[in-house]
Amino acid sequence: MKRIAILGSTGSIGRSTLCVVESFPDRFQVVTLAAGRNLDLAFEQAKRWRPRVISVAAESHANNLRVRLNDSGITDIEITHGATGTVRVATHPEADFVVSAIVGVAGLEATYEAVRAGKSVGLANKECLVAAGELITAEARRQGKPLLPIDSEHNAVHQCLRGGKMNEVRRIWLTASGGPFLNTPKSKFADITVEQALNHPTWKMGNRITIDSATLMNKGFEVIEACRLFNLPPEQAAVIVHPQSTVHSLVEYVDGSILAQLSVTDMRLPILYALTYPDRIPSDLNFSLSDLRHLDFCPPDMEKFPCLRLAYEAAAAGGGKTVALNAADEVAVSAFLDGNIRFMDIPVLIEEVVSETSAGKMESIKEVLRVDQQARASARERVARLAGVPVAARQN
Ligand code: MG
């Protein structure tokens, strides 16, 4: 029986994890949950899963949840809140495996503490590797515990890497759908609207990740994640556009063999893989190979999508640069969504913030959070300056 802690239980990965647990009750048990702000769902999950501990966002949420559980006759669940609550959930002595799926830098500290406490960790939070990857992977190596990727591309690479030794890898190939502007000429980029950018061809996702997919920054973050997770230099982490999103990623070996992972696009599969690693167990997540007609691949256009170039540069420099890349991107994307900057301003703004940030090595999560705050403040200043100038007066 594997005993599981879920950070971000009310989010999409958290809910999919609970689906997997539900399908294999003899293998997995939920011991702790970190929920956040969705109190109705936190209450339902507490009632259904009866964890030892549940953590919610704020003290007021915790009080509210306590009253509701008491009214239902449930008094044996420890209810906690905030950052310390999330750490308590992540480091609970009864948990063997922690699923890290809190979106944003809020999940950093708890994930790092889980690794430090010797837990096996399934990673679905991007910031853990983009902003704090050097710290977290170094600690996991020290502990001798695996970090198992739940992002579909990295999960695919992890699977394909079992086909050879690390020193036999020529490069990994991360597949990218290409986003809604794959075939839009660069000359039209100045007119891209929020509605167009939110209209992703193959995936329905949250707004930030949808815009990050349109700029290819999401793929850039995945390059950084892959470099940290698999301990590879950026030159060995290539991106290939694959509009069908059927091949989740590939590994090319020195002898010229390329191994690919194909499966249904359902997050329950990478979650199941992470939870059962190093074993595989039967599931009903089948992929119909005979329905597959063709697979297309083409290289990404780094000139049209400068965010991908910026991510490669930040990956090579490391330290504070990748922290700033993530922070500036989050601010720039929300400014674009609010109509304050144009689509083309996103990479310009990010490049400025990253270039003023030092590449210094991050020694602690506290330092990561400090550089993150600084980069956000700088990005916000730039947004204010850009938004204050009429669009026609701006230079391209
Ligand atoms: Mg992905």
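See above for the structure.
Residues numbered from 1 in each chain as written. Predicted model: local features only at pLDDT ≥ 70, side-chain atom pairs only at ≥ 80, totals over all residues. Heavy atoms only, no water.

Peer 1: Looking at this structure, how should I read a nonpolar patch on the surface?
Peer 2: Side chains of Leu 262, Phe 287, Leu 289, Leu 295 and Phe 297 sit close together on the surface and give an oily, nonpolar patch of about 410 Å² of accessible area. Following the sequence through the fold, Leu 262 ends up in strand 11 (residues 258–262). (Patch = residues over 30% accessible without salt bridge, like charges linked within 9 Å, V, L, I, M, F, W, Y side chains within 5 Å. Areas by Shrake-Rupley, 256 points an atom, 1.4 Å probe, with all protein chains shown as cover. Salt bridge = Lys/Arg side-chain N within 4 Å of Asp/Glu carboxyl O. Helix = DSSP H or I, 4+ residues; strand = E, 2+ residues; numbered from the N terminus.)

Peer 1: Which parts of the structure should I look at to understand the coordination of the magnesium ion?
Peer 2: Octahedral metals with six donors have ideal donor angles of 90 or 180 degrees. Tetrahedral metals with four donors have an ideal donor angle of 109.5 degrees. Bound to the magnesium ion are the protein donor atoms Asp 151 (OD), Glu 153 (OE) and Glu 222 (OE), situated 2.1 to 2.5 Å from the metal. Taken in chain order, the donor set of the magnesium ion reads D-x1-E-x68-E. One end of the pair, Asp 151, is in the loop between strand 7 (147–149) and helix 8 (152–160); the other, Glu 222, is in helix 11 (residues 217–230), and 71 residues separate them in sequence. Here Asp 151 matches Glu 222 in class, with each residue buried. (Donors = N, O, S within 2.8 Å, 3.2 Å for Na, K, Ca; no water. Buried < 20%, exposed > 50% of the residue type's maximum accessible area, 1.4 Å probe, protein only.)

Peer 1: Sorry, what's going on with helix 12 (residues 268–276) here?
Peer 2: For an α-helix, the turn length of 3.6 residues means that residues three or four places apart are oriented alike. In terms of residue burial, helix 12 counts as a mostly covered element, since eight of its nine residues are buried. Of all the positions in helix 12, only Leu 269, Pro 270, Ile 271, Leu 272, Tyr 273, Ala 274, Leu 275 and Thr 276 are classed as buried. Buried residues in helix 12 make contact with strand 1 (2–7), helix 1 (12–23), strand 2 (28–36), strand 5 (97–100), strand 7 and helix 8. (Contact = heavy atoms within 4.5 Å.)

Peer 1: Whenever I open this one, the sheet that holds strand 6 (residues 120–123) confuses me. Can you help?
Peer 2: Strand pairing within a sheet occurs via backbone hydrogen bonds; the two strands may be parallel or antiparallel. With parallel pairing, the seven strands of this open sheet are ordered in space as 4-3-2-1-5-6-7. Looking at which strands have only one partner, the edges of the open sheet turn out to be strand 4 (78–81) and strand 7. Taken pair by pair, the neighbouring strands of this sheet meet at an average axis angle of 20 degrees, ignoring direction. Pairing of strand 1 with strand 2, which is carried by six bridges, proceeds in the parallel orientation. Among the inter-strand pairings, Ala 5 is bridged to a residue of strand 2, identified as Thr 32. Each of strand 2 and strand 3 (53–56) touches helix 2 (residues 39–49); the most contacted strand, strand 3, lies at about 175 degrees to it. (Pairing = 2+ DSSP bridges. Axes fitted to C-alpha atoms, helices over the stretch in contact; angles between N-to-C directions.)

Peer 1: Just to check I follow, could you spell out the environment of Leu 349 for this structure?
Peer 2: Looking at where Leu 349 falls in the secondary structure, it is placed in helix 15 (residues 345–356). The class for Leu 349 is buried, based on a relative accessible area of 1%. Excluding residues within four positions of it along the chain, Leu 349 makes contact with Ala 328, Ala 332, Ile 341, Ala 379, Arg 382, Val 383 and Leu 386.

Peer 1: I would appreciate a short explanation of the packing of aromatic side chains in the present structure.
Peer 2: The relation between two aromatic rings is expressed through the spacing of the ring centres and the mutual angle of the planes. Taken as a whole, this structure holds seven aromatic pairs when the rule is applied. With a centroid separation of 6.2 Å and an interplanar angle of 75 degrees, the aromatic rings of Phe 24 and Phe 28 are classed as edge-to-face. Assigned by exposure class, Phe 24 and Phe 28 land together as buried. Seen in terms of ring centroids, Phe 181 and Phe 343 are 5.3 Å apart; in terms of plane orientation they differ by 70 degrees. Their pairing is edge-to-face. In this pair, Phe 181 is assigned in the loop between strand 8 (169–176) and helix 9 (194–197) and Phe 343 in the loop between helix 14 (320–337) and helix 15, connecting sequence segments 162 residues apart. Ring pairing ties together the aromatic residues Phe 181, Phe 189, Phe 305, Phe 336 and Phe 343, which thus form one cluster. (Phe/Tyr/Trp six-rings, centres within 6.5 Å; stacked < 30°, edge-to-face > 60°.)

Peer 1: Honestly, the pairing of strand 6 in this entry has me stumped. Any pointers?
Peer 2: In summary, the side chains of a regular strand alternate between the two faces of the sheet. Side chains Ser 120 and Gly 122 project from strand 6 onto one buried face, and the interleaved Val 121 and Leu 123 project onto a second face that is buried too. In the classification by handedness, the crossover that spans strand 5, the intervening helix 5 (residues 108–116) and the parallel strand 6 is right-handed. Relative to strand 7, strand 6 runs parallel, the two being bridged by three bridges. Bridge pairing in strand 7 places Gly 122 opposite Leu 148. (Right-handed = clockwise from strand over helix to strand, strands pointing away.)

Peer 1: So what exactly am I meant to see when it comes to the side chain of Asp 151 here?
Peer 2: Here Asp 151 falls in the buried class, since its relative accessible area comes to 17%. Looking at Asp 151, its side chain comes within polar contact range of the side chain of Lys 126, at 3.0 Å. Beyond its immediate sequence surroundings of up to four residues, Asp 151 is in contact with Leu 123, Lys 126, Glu 222 and Glu 225. (Polar contact = N/O pair within 3.5 Å; in protein donor to acceptor, adjacent residues only side chain to side chain.)

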